[in-house]
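Now for the letters of each chain:
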Amino acid sequence: MSNATSAPTNAAALPEGWEMVVGLEVHVELDTATKLFSGSPNRFGDDPNTHIDPVTLGLPGALPVLNRKAVELAIRLGLALNCTVQSCTFHRKNYFYPDLPKAYQISQYDQPLNVDGFLMLPGDVRIGVERAHLEEDTGKSTHFGGSSGRIHGSDYSLVDFNRAGVPLVEIVSRPDIRTSDQARQYVNELRSILVAIGASDAKMEEGSMRVDVNVSVRRPGEPFGTRCEIKNVNSVRAVGRAIDYEARRQIQEIESGGTIRQETRHWDDAEGRTHTLRAKEDADDYRYFLEPDLVLLDPDREWVESIRTSLPVLPAARRAALAALVGIDKESEAAYVLVERGQDDYVAEVVRAGGEAGRAVVYVQQAFAEEGAKPRVPAADISALTVLERDGKVTATQAKTILAEIVLNGGGDAATIAKDKGFEALDTSAVESMVDAAIAAQPDAWAKYCNGEEKAMGALVGAVMKTSQGKADGKVVTAILQARRSK
Amino acid sequence: MSFPTVAQLARDIREGKVTASAVLEEHLKRVDERESEIHAFNLVTAENARAAAVEVDRAVQAGKPLGPLAGVPIALKDNMCTRGIETTCSSKILEGWKPPYDATVVTKLREAGAVIVGKTNLDEFAMGSSTENSAFGPTRNPLDTSRVPGGSSGGSAAAVAAGFAAASLGSDTGGSIRQPAALCGLVGVKPTYGVVSRYGLVAFASSLDQIGPFTHTVEDAALVMESIAGHDPMDSTSLLQPAPSLLSVLDQGVQGMRIGRVVDMPEGSEPDVLERLDAAFAALKERGAAIVDVKLPSLQFGLTAYYLVAPAEASSNLARYDGVRYGMRVDAPDLNAMYAATRSQGFGAEVKRRIMLGTYALSAGYYDAYYGKALKVRRLIADDFAKAYQSCDVVLTPTSPSVAFPFGDKTADPLAMYLCDVFTIPTNLAGHAAMSVPFGTGAHSLPVGVQVLAPALGEATMFRVAAELERAR
């Protein structure tokens with residue numbers, strides 16, 4: 001990565017005196033039974049062109065009828081993003097493409113359903129949400145032959161209209177994001193919210209969540225620079241990489257005397273770089289106008305309030321509640337992981353059953369990755385294990401072995417397993433004599449340790465563990481060694 | 001020439017005086033005799049119609065309940081989808097296309113027992129006022145075959161005027177039912193926007209299009225309207241209203257009603273047409289109505305606004321004919337060339353003209369000056385009507401400034417053709433109801449229609465006045 005044309009791709013800080021300005025446009029497929037304007041199933045992965053009807057195919061004379069469930073899910077999302085839900089209209093966005101059956105997409109334009117919300121990121125960073133509006137998805141084109149994978153130059157193309165008319169919400173952030181980490185956090189948090197409120201499965205790999213990135217750079221305090229939009233960003237990791245690459249590219253361009261053209265760029269994940277897709281002057285004129293086949297959508301207040309009441313506790317609040325309960329940082333990895341998996345309630349159950357909070361968090365985080373929000377293991381079993389370890393009846397290592405057994409069997413009594421495995425914790429006097437034996441056997445290591453070489457302790461602890469066949473508690477051994485040294 | 005009415009036929013069939021099959025054969029016989037001259041139809045569905053008639057006859061014999069239109073032969077404008085039956089909009093681009101579904105009006109007609117005899121000719125995609133823009137050749141006016149039947153629903157009008165069907169359905173975006181009704185001596189109704197479902201009507205300009213009937217009498221129009229109107233969950237712009245009750249008001253007369261006369265009416269009508277309008281006012285006054293002068297100052301801008309709004313919507317509605325999924329495709333080396341070749345060869349000149357007009361009106365930098373301004377005019381016209389209807393119940397105008405004109409008379413000058421609709425267009429822009437009623441003859445002894453305009457959902461009032469005009473004729 002030494003030549004000048006290939007910008008660095010690691011997430012290190014930008015060159016001194018530069019700041020990136022990032023906004024995200026996220027498209028999310030709503031988890032409805034049927035499409036936005038017709039009764040065909042909204043389902044991914046079936047045989048091509050099996051979920052079609054006159055409306056989906058844009059047959060002459062067919063008319064759209066708005067799916068109430070899609071509106072409800074979009075409102076749920078709007079409320080979860082602290083938006084104002086307002087009366088709104090639909091517009092036609094006109095352009096020709098084979099996977100756009102009517103040659104226009106029904107979308108929302110100057111009067112969207114949800115406006116003026118925000119999303120909180122770690123460190124109390126507030127990212128504005130300009131709007132979250134409803135629109136229909138296009139079909140899916142596959143191009144055969146040719147080298148570009150695009151329609152121009154291909155031998156032929158096939159279109160699958162199963163996706164055409166699937167309800168989407170487009171969530172447009174304000175240009176409030178300043179680092180690629182924040183961008184990734186934003187996408188992750190949005191996905192957590194979408195899953196939590198049941199609006200979408202939000203899978204980037206299946207395309208049910210798609211992210212377009214707008215990037216510009218400036219010197220802090222200056223007005224916004226010219227932005228480029230990056231498409232084909234297909235994973236959270238790619239979001240970060242694409243933003244970092246693009247910001248550096250723009251800075252290099254400006255510092256070498258160039259200017260940034262407003263354009264759409266394509267992220268090549270294998271090469272780790274963006275390249276020009278089309279310049280602004282080549283952009284389509286979409287000739288937006290009010291969709292005459294639909295009427296004003298004016299969600300009545302009572303309905304909106306009942307949707308608000310039905311919202312679950314959102315991930316941020318769940319992390320805070322878990323953090324308060326078990327005494328961890330609400331922005332810690334454990335808090336994110338457990339809430340993401342929906343296992344925060346389970347941890348709380350373990351604690352309520354008398355379990356030790358800190359250990360409960362560690363156990364569930366480490367051993368329940370494959371379990372869902374409702375693990376098969378009774379919370380009482382985990383609770384009992386934490387108590388056993390806390391009381392020094394088993395060592396941390398032994399506890400881990402017992403935990404694996406409990407998870408494997410979907411439950412089990414920790415004390416019985418400990419007994420079966422011969423995991424009786426050694427009493428302190430037995431450990432002390434083993435420590436003394438280790439010191440006697442390795443006088444060099446002991447001398448180094450006494451001279452402050454902490455690393456030398458490892459050999460002594462190892463010897464005790466070997467003698468005790470792993471039954472000695474490492475923490476107890478360390479404590480005895482420290483006590484001996486300070487005598 | 002006089003043909004049996006819908007009401008008569010339905011009654012006779014119900015009472016067993018005549019069979020639906022016999023009625024159908026009478027109509028098909030007239031088709032055999034004159035269709036090659038008139039060209040009312042793109043397709044005559046004789047076999048399906050015979051089967052439908054037999055079914056009605058069986059139901060009559062078995063004493064089963066019958067729909068209000070049982071056994072009545074009805075023709076459909078060829079821009080309404082019929083399941084498994086070619087629907088072309090008189091365009092090469094849709095030639096051979098068979099819809100997989102029925103339009104809501106078709107379903108309703110079938111439920112009412114109607115026998116559908118065929119699909120009628122029209123100006124391509126309903127764009128025109130003479131039916132000369134059909135890709136399959138013009139329709140002739142049965143009353144004078146050297147003249148046009150009007151348009152765009154000229155085939156539907158001619159089919160009824162020639163006795164090929166007892167009634168027909170047309171679509172009216174700027175006058176396409178009322179003007180041909182006037183030119184063929186028929187009753188033609190443009191219902192309030194949203195009263196009749198548009199589901200399955202191939203869109204020209206979605207915010208203006210509305211389906212309505214052609215009939216010989218006001219009573220027949222009421223009968224058909226009651227069968228095809230009413231809320232349809234498949235059309236989001238369909239009003240949450242049951243079908244209006246119209247037959248019951250036909251005998252109520254106009255005593256005490258206020259009839260508006262437009263004092264600032266657009267000029268250019270033939271003297272005979274204006275004379276018939278005056279006669280209509282006189283007749284209604286004589287029968288107890290008051291004539292009230294009203295002003296509709298924005299009416300003069302209606303034509304201009306219409307020729308921005310309608311083409312703008314059309315440019316979007318017709319973009320789907322791209323050769324990808326159905327209809328005509330002209331192969332070419334790449335996608336854009338295929339689009340261009342298909343659309344160049346598939347659409348006729350008038351359709352292309354309107355697509356270009358509409359695309360321009362919606363383009364960045366021009367939207368505000370053209371489409372945006374047209375929407376404002378649309379509101380002004382609605383406001384003017386609202387004011388006028390404070391002092392009157394209906395407004396009377398000519399339907400068409402002239403009687404039926406000869407072929408080729410206006411084809412060289414699109415603007416002259418557009419002026420045919422100067423009196424009918426404002427109703428569509430306002431979303432109101434209007435109908436044309438024959439009221440005597442003008443130049444060349446050709447029929448003249450008087451147009452009755454009513455506010456939104458004013459169908460009952462409108463039909464009362466129309467029925468009275470019919471009695472006074």
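Calculation rules
Residues numbered from 1 in each chain as written. Chains lettered and ligands numbered in written order. Predicted model: local features only at pLDDT ≥ 70, side-chain atom pairs only at ≥ 80, totals over all residues. Helix = DSSP H or I, 4+ residues; strand = E, 2+ residues; numbered from the N terminus. Rg over C-alpha atoms; globule rule 2.2 N^0.38 Å. Buried ≥ 20, exposed ≤ 12 C-beta atoms within 10 Å, placed from the backbone. Contact = placed C-beta atoms within 7 Å. Domains from an automatic or database assignment. Nonpolar A, V, L, I, M, F, W, Y, C, P; charged D, E, K, R; others polar. Pairing = 2+ DSSP bridges. Axes fitted to C-alpha atoms, helices over the stretch in contact; angles between N-to-C directions. Parallel < 35°, antiparallel > 145°, perpendicular 65-115°, else oblique. Core = buried A, V, L, I, M, F, W, Y, C linked by C-beta atoms within 7 Å. Expected span 1.5 Å × (residues − 1). Left-handed = near helix turned anticlockwise from the far one by under 90°. Right-handed = clockwise from strand over helix to strand, strands pointing away. Arc of directions from axis to C-beta. pLDDT = per-residue confidence, 0-100.

What about the overall build of chain B?
Then comes step 1: Each helix and strand in chain B was counted, giving 15 helices and eleven strands.
Then comes step 2: Rg of the C-alpha trace for chain B: 21 Å, near the compact-globule value of 23 Å for 473 residues, within the 12% margin.
Then comes step 3: When its C-alpha atoms are laid out on the principal axes, chain B stretches across 65 × 55 × 45 Å.
Then comes step 4: By residue count, 60% of the 473 residues in chain B fall in the buried class.
Then comes step 5: For chain B, long-range pairs separated by at least 24 residues make up 76% of all intrachain contacts whose partners lie at least 6 apart in sequence.

Here's the deal with the overall build of chain A
Then comes step 1: Scanning chain A from N- to C-terminus turns up 15 helices and 14 strands.
Then comes step 2: Rg of the C-alpha trace for chain A: 29 Å, well past the compact-globule value of 23 Å for 487 residues, more than 25% over.
Then comes step 3: Considering only C-alpha atoms, chain A reaches an extent of 90 × 55 × 45 Å along its principal axes.
Then comes step 4: Evaluated residue by residue, chain A yields a buried proportion of 42% over its 487 residues.
Then comes step 5: In chain A, 68% of the contacts between residues at least 6 apart in sequence involve partners at least 24 apart.

A short note on the domain arrangement of chain A
Frequently, the measure chosen for interface size is the accessible area that the parts lose on association.
All names here are of chain A.
Then comes step 1: Looking at the assigned domains, one finds that chain A contains domain 1 (19–306), domain 2 (315–420) and domain 3 (428–485).
Then comes step 2: Centre-to-centre separation of domain 1 and domain 2, based on C-alpha positions: 39 Å.
Then comes step 3: Facing the six residues of domain 1 at the interface are four residues of domain 2.
Then comes step 4: The leading source of residues in the side of domain 1 that touches domain 2 is helix α2 (residues 180–196), at four residues.
Then comes step 5: In terms of residue class, the side of domain 1 that touches domain 2 is built from four nonpolar, one polar and one charged.

Considering the sheet that holds strand β3 (residues 91–94) of chain A
Residue and element names in this part refer to chain A.
Then comes step 1: An order of β4-β3-β14 is seen for the three strands of this open sheet, with the pairing classed as antiparallel. The open sheet is flanked by β4 (104–107) and β14 (289–290), the only strands paired with a single partner.
Then comes step 2: Alignment of β3 against β14, held across two bridges, turns out to be antiparallel. Bridged to histidine 91 within β14 is leucine 290.

Considerations on the packing of helix α8 (residues 271–286) of chain B against helix α15 (residues 459–472) of chain B
Residues and elements named next belong to chain B.
Then comes step 1: At a closest axis distance of 10 Å, the pairing of α8 and α15 adopts a crossing angle of 100°. Regarding the angle of α8 to α15, the classification is roughly perpendicular. For the pair α8 and α15, the contacting residues are Ala280, Ala283 and Leu284 in the first and Val465, Glu468, Leu469 and Ala472 in the second.
Then comes step 2: Looking at the contact of α8 with α15 residue by residue, the class counts come to six nonpolar, no polar and one charged.

Examining the nonpolar core
Then comes step 1: Of all hydrophobic cores here, the largest spans 221 residues; its most connected members are A:Ala74, B:Ile74, B:Val115 and B:Val452.
Then comes step 2: The contacts of A:Ala74, once residues within four sequence positions are left out, are A:Leu30, A:Leu113, A:Asn114, A:Ala132, A:Leu134 and A:Val169.

A short note on helix α1 (residues 68–80) of chain A
All names here are of chain A.
Then comes step 1: With 13 residues, α1 should cover 18 Å at 1.5 Å per step; its first-to-last C-alpha distance of 18 Å lies within 8% of that length.
Then comes step 2: For α1, the buried fraction is high: ten of the 13 residues fall into the buried class.
Then comes step 3: Looking at the buried residues of α1, the elements they touch are β2 (84–85), β5 (114–121), β6 (125–136), β9 (167–173), α2 and α4 (301–310).

Notes on the environment of B:Pro414
Then comes step 1: Mapped onto the elements of the fold, B:Pro414 is located in helix α13 (residues 414–418).
Then comes step 2: C-alpha separation for the pair B:Pro414 and B:Ile228, spaced 186 residues apart in sequence, amounts to 33 Å.

What to know about the interface of chain B and chain A
Then comes step 1: Each side of the interface is counted separately: chain B has 34 residues, and chain A has 27 residues.
Then comes step 2: Elements supplying a minimum of two residues to the side of chain B that touches chain A: α9 (302–317), α10 (335–346) and α11 (349–362) of chain B.
Then comes step 3: With three residues, the single largest contributor to the side of chain B that touches chain A is α9(B).
Then comes step 4: Each residue belonging to the side of chain B that touches chain A can be placed in one class, and the counts come to 19 nonpolar, eight polar and seven charged.

Points about the pairing of strand β9 (residues 394–398) of chain B
All names here are of chain B.
Then comes step 1: Counting buried positions along β9 yields five of five residues, so the element is predominantly enclosed.
Then comes step 2: The sheet contact formed by strand β7 (residues 258–262) and β9 spans three bridges and is parallel. Bridged to glycine 260 within β9 is valine 395.
Then comes step 3: Of the pairings in the sheet, the one linking β9 to strand β11 (residues 447–454) comprises four bridges and is antiparallel in character. Of the residues in β11, the one forming a bridge with proline 398 is valine 450.

Topic: the sheet that holds strand β4 (residues 167–171) of chain B
Residues and elements named next belong to chain B.
Then comes step 1: If you trace the eleven strands from one edge of the open sheet to the other, you get β1-β3-β2-β4-β6-β5-β10-β11-β9-β7-β8, paired in mixed fashion. Each edge of the sheet is formed by a strand with only one pairing partner; in this case those strands are β1 (41–44) and β8 (290–294). If you compare each strand with its neighbour and ignore which way they point, the axes differ by 25° on average.
Then comes step 2: Pairing geometry for β4 and strand β6 (residues 211–215), over four bridges, is antiparallel. Across the sheet, the residue bridging to serine 171 is isoleucine 211, located in β6.

What about the packing of helix α12 (residues 428–441) of chain A against helix α15 (residues 474–485) of chain A?
Residues and elements named next belong to chain A.
Then comes step 1: At a minimum axis distance of 10 Å, the contact between α12 and α15 shows a crossing angle of 60°. In terms of their interaxial angle, α12 and α15 are classed as oblique. Between α12 and α15 lies a crossing of right-handed hand. Residue-level inspection shows Thr428, Val431, Glu432 and Val435 of α12 in contact with α15, the latter providing Val476, Val477, Ile480, Leu481 and Arg484.
Then comes step 2: Among the residues making up the contact of α12 with α15, the classes are represented as six nonpolar, one polar and two charged.

Structural notes on the pairing of β7(B)
All names here are of chain B.
Then comes step 1: As paired strands, β7 and β8 are joined by five bridges and run parallel to one another. Bridging across to β8, valine 262 finds its partner in valine 294.
Then comes step 2: Crossover handedness for the path β7 to α8 to β8: right-handed.

Some words on helix α3 (residues 46–61) of chain B
Residues and elements named next belong to chain B.
Then comes step 1: The end-to-end C-alpha distance of α3 is 22 Å, a good match for the 22 Å that 16 residues give at a rise of 1.5 Å each.
Then comes step 2: Taken residue by residue, α3 has Ala49, Ala52, Ala53, Val56 and Asp57 as its buried positions. The arc enclosing the buried residues of α3, seen along the axis, measures out at 140°, which places them on a common side. In α3, the exposed residues that point more than 90 degrees away from the buried face are Glu47, Ala51, Arg58 and Gln61.
Then comes step 3: In this structure, the buried residues of α3 make contact with α1 (6–14), α2 (20–38), β2 (73–77) and β3 (115–120).
Then comes step 4: One or two steps after α3, the chain reaches glycine 63, where phi turns positive at roughly 70°.

Looking at unusual backbone geometry
A negative phi angle characterises most non-glycine residues, just as the trans form characterises most peptide bonds.
Then comes step 1: The omega torsion of the bond from B:Gly151 to B:Ser152 falls at 10°, within 30 degrees of zero and hence cis.
Then comes step 2: Positionally, B:Ser152 belongs in the loop between β3 and α5 (154–161).
Then comes step 3: If you check the backbone angles, A:Arg287 has positive phi at about 45° while not being a glycine.
Then comes step 4: Mapped onto the secondary structure, A:Arg287 falls in the loop between β13 (273–279) and β14.
Then comes step 5: For B:Thr131, which is not glycine, the phi torsion reads 65° and is therefore positive.
Then comes step 6: B:Thr131 sits in the buried class, given 32 other C-beta atoms within 10 Å.

Some points on the confidence of the model for chain B
Then comes step 1: Confidence in the prediction for chain B averages 97 pLDDT; 100% of positions are at 70 or higher.
Then comes step 2: Predicted as a complex, the structure gets a pTM of 0.91 and an ipTM equal to 0.96.

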